[in-house]
Amino acid sequence: QLQVKVSHLELYNGKARDLMSDNVANLDIKQNMAKNFYVKGLMECTVGNLDETLRIFDSSIERRKTACTDLNEHSSRSHSIFTISV
């Protein structure tokens, strides 16, 4: 049986923030011995199906910071990374 986990983070100005957590603190971006990057303290949630995955994505994307600019009403200069791990 496979276990599927998801996480969602926002990167802005070199800082990482967990979009699945109510905690707004910046998280540390680390590199392990194999030279892979990870975010220390990033919440992962086990999901059982697509509907559950999409509900988590929809609720976490609402935490993403956006602001108005002259060109776009809901602009964001950040990057959002939604990870699905099997």
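Keep in mind that what you see is a predicted model, and the values were worked out from it rather than measured.

Topic: the environment of Asn 13
Then, in step 1: Positionally, Asn 13 belongs in the loop between β1 (4-12) and β2 (15-18).
Then, in step 2: Exposure remark for Asn 13: the relative accessible area of 63% places this residue in the exposed category.
Then, in step 3: For the pair formed by Asn 13 and Arg 77, sequence separation is 64 residues and the distance between their alpha carbons is 8.8 Å.

Regarding the confidence of the model for the chain
Then, in step 1: For the chain, mean pLDDT is 87; residues scoring 70 or higher make up 87% of the total.
Then, in step 2: Mean pLDDT in the chain bottoms out at strand β4 (residues 37-39), which sits at 89, and peaks at strand β5 (residues 45-47), which reaches 97.

Here's the deal with the pattern of salt bridges
Then, in step 1: With the rule as written, the count across this model stands at 3 salt bridges.
Then, in step 2: Note that Glu 10 is salt-bridged to Arg 64, the shortest N-O span being 4.0 Å. Taken together, the positions of Glu 10 in strand β1 and Arg 64 in the loop between α1 (50-61) and β6 (79-85) put the pair 54 residues apart, joining distant regions of the chain.
Then, in step 3: Judged by relative accessible area, Arg 64 falls into the partly exposed class, the value being 23%.
Then, in step 4: Across the pair Asp 22 and Arg 63 runs a salt bridge, and its minimum N-O distance is 2.7 Å. Here Asp 22, found in the loop between β2 and β3 (29-31), pairs with Arg 63, found in the loop between α1 and β6; they are 41 residues apart in sequence, far enough to count as distant.
Then, in step 5: Of the residues examined, Asp 22 reaches a relative accessible area of 65% and is grouped as exposed.

Quick look at unusual backbone geometry
Then, in step 1: With phi around 70°, Lys 35 is a residue other than glycine that occupies positive phi space.
Then, in step 2: With respect to the helices, strands and loops of the structure, Lys 35 is situated in the loop between β3 and β4.
Then, in step 3: Residue classification places Lys 35 among the exposed residues on the basis of a relative accessible area of 61%.

Thresholds, definitions, all that
Residues numbered from 1 in each chain as written. Predicted model: local features only at pLDDT ≥ 70, side-chain atom pairs only at ≥ 80, totals over all residues. Heavy atoms only, no water. Helix = DSSP H or I, 4+ residues; strand = E, 2+ residues; numbered from the N terminus. Buried < 20%, exposed > 50% of the residue type's maximum accessible area, 1.4 Å probe, protein only. pLDDT = per-residue confidence, 0-100. Salt bridge = Lys/Arg side-chain N within 4 Å of Asp/Glu carboxyl O.

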